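Chain and residue survey
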Amino acid sequence: GPKVLQIPSHQIIDMGQMVTLNCDPVSNHLYFYWYKQILGQQMEFLVNFYNGKVMEKSKLFKDQFSVERPDGSYFTLKIQPTALEDSAVYFCASSVTGDEQYFGPGTRLTVL
Amino acid sequence: GDSVTQTEGQVALSEEDFLTIHCNYSASGYPALFWYVQYPGEGPQFLFRASRDKEKGSSRGFEATYDKGTTSFHLRKASVQESDSAVYYCALDNTGANTGKLTFGHGTILRVHP
């Protein structure tokens, strides 16, 4: 079936650095999402994105976070600067209609 | 705010056993309810959804019925296989516009022994 890819699979960075997580969504999908899952906790919605704009963001989506999809390429999540509490697995998802979501395998971010 | 509660953190069964994973939700209005399954090393995969009371969703032998009265959407399968071993997530979307803002439960780890 359709696949969402996430690059890299694992990223280790020092606190205060910038990180960009990349998502290659399914080609004809129009809705894009980021979710965050801290080890042992449930997956939590961060943000959704449609037609080049953020539709909704949760309280977890701090000012240090930003998303974009320049020229229909990767859908990215940038964190600048990073903090220790940003350590988590970040899942990207995409959808045609905003209903059934296709998830990538996740990027494990470790902030030291 | 909205929430999803999965009673079982882990379930261990033998092949051909009957499976029930309990899911209860708390939300205002009329949320859409979902089940997702996650295999090791992969992201969650959509199983099925239901969006109105008494509606049954089903896929791959799994099924769940939307029960607004008990605010539940329990996952069932009559005869599990070892290949069903995975993490199962119940989720809801209460935006009313299907924007895909999912609220997930904690997940239930299913282990099926041959």
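Structure first, text after, so check above.
Reading guide: rules and limits
- Residues numbered from 1 in each chain as written.
- Chains lettered and ligands numbered in written order.
- Predicted model: local features only at pLDDT ≥ 70, side-chain atom pairs only at ≥ 80, totals over all residues.
- Heavy atoms only, no water.
- Salt bridge = Lys/Arg side-chain N within 4 Å of Asp/Glu carboxyl O.
- Helix = DSSP H or I, 4+ residues; strand = E, 2+ residues; numbered from the N terminus.
- Buried < 20%, exposed > 50% of the residue type's maximum accessible area, 1.4 Å probe, protein only.
- Pairing = 2+ DSSP bridges.
- Patch = residues over 30% accessible without salt bridge, like charges linked within 9 Å, V, L, I, M, F, W, Y side chains within 5 Å.
- Areas by Shrake-Rupley, 256 points an atom, 1.4 Å probe, with all protein chains shown as cover.
- Lys, Arg positive; Asp, Glu negative; His and termini not counted.
- Charge placed at Lys NZ, Arg CZ, Asp CG, Glu CD.
- Axes fitted to C-alpha atoms, helices over the stretch in contact; angles between N-to-C directions.
- Phe/Tyr/Trp six-rings, centres within 6.5 Å; stacked < 30°, edge-to-face > 60°.
- Lys NZ or Arg CZ within 6 Å of the ring centre and 35° of its normal.
- Disulfide = S-S within 2.5 Å.

**A short note on the pattern of salt bridges**
- The full count for this structure, using the stated rule, is 7 salt bridges over all chains.
- A salt bridge links arginine 49 of chain B to aspartate 99 of chain A; the nearest nitrogen and oxygen atoms lie 2.6 Å apart. Of this pair, arginine 49 of chain B sits in strand β6 (residues 45–50) while aspartate 99 of chain A sits in the loop between β9 (88–95) and β10 (102–103), each in a different chain. With respect to class, arginine 49 of chain B is no different from aspartate 99 of chain A; both count as buried.

**Focus: the pairing of strand β5 (residues 32–38) of chain B**
All names here are of chain B.
- For β5, a buried count of 7 out of 7 residues is recorded, marking the element as mostly surrounded by other parts of the structure.
- The two faces of β5 match: Ala32, Phe34, Tyr36 and Gln38 on one face and Leu33, Trp35 and Val37 on the other face are all buried.
- Pairing between β5 and strand β10 (residues 86–93): 7 bridges, direction antiparallel. The partner of leucine 33 across the bridge, within β10, is leucine 92.
- Connecting β5 to the antiparallel partner β6 that follows it, the hairpin turn spans 6 residues, and glycine 41 within it adopts a positive phi of roughly 80 degrees.

**Considering a negative patch on the surface**
- Judged by side-chain charge, Glu15, Glu16, Asp17 and Glu82 of chain B come together as a negatively charged surface patch.
- Along the polypeptide, glutamate 15 of chain B turns up in the loop between β2 (10–14) and β3 (19–21).

**So, the sheet that holds strand β7 (residues 65–68) of chain A**
Residues and elements named next belong to chain A.
- Reading across from one edge, β1-β3-β8-β7 is the order of the 4 strands in this open sheet, with antiparallel pairing throughout. Only two strands of the sheet have a single neighbouring strand rather than two, namely β1 (5–7) and β7. Averaged over all neighbouring strand pairs, the angle between strand axes comes to 15 degrees, with direction disregarded.
- Bridge analysis of β1 against strand β3 (residues 19–24) gives 3 bridges, and the strand direction is antiparallel. The residue of β3 that forms the bridge with leucine 5 is aspartate 24.

**Notes on the packing of aromatic side chains**
- With the rule as written, the count across this model stands at 20 aromatic pairs over all chains.
- Judged by centre distance (6.1 Å) and plane angle (75 degrees), the rings of phenylalanine 103 of chain A and phenylalanine 104 of chain B are edge-to-face. Within this pair, whereas phenylalanine 103 of chain A is found in strand β10, its partner phenylalanine 104 of chain B is found in strand β11 (residues 102–104), the two belonging to separate chains.
- Given a relative accessible area of 1%, phenylalanine 104 of chain B falls into the buried group.
- Ring geometry for tyrosine 30 of chain B versus tyrosine 66 of chain B: centroids 5.7 Å apart, planes at 50 degrees, classification tilted. Of this pair, tyrosine 30 of chain B sits in the loop between β4 (23–26) and β5 while tyrosine 66 of chain B sits in the loop between β8 (62–65) and β9 (75–77), and the two are 36 residues apart along the sequence.
- Between the NZ or CZ atom of lysine 68 of chain B and the centre of the ring of tyrosine 30 of chain B, over which it lies, the distance is 4.5 Å.

**With respect to the state of the cysteines**
Residue and element names in this part refer to chain A.
- Applying the stated rule across the entire model yields 2 disulfides over all chains.
- Here cysteine 23 connects covalently by a disulfide to cysteine 92, the sulfurs 1.8 Å from one another. Around the S-S axis, the bridge from cysteine 23 to cysteine 92 shows a dihedral of about -65 degrees and counts as left-handed. Of the two residues, cysteine 23 is situated in strand β3 and cysteine 92 in strand β9; the sequence distance between them amounts to 69 residues. Summarising the burial analysis for this pair, cysteine 23 and cysteine 92 share the class buried.

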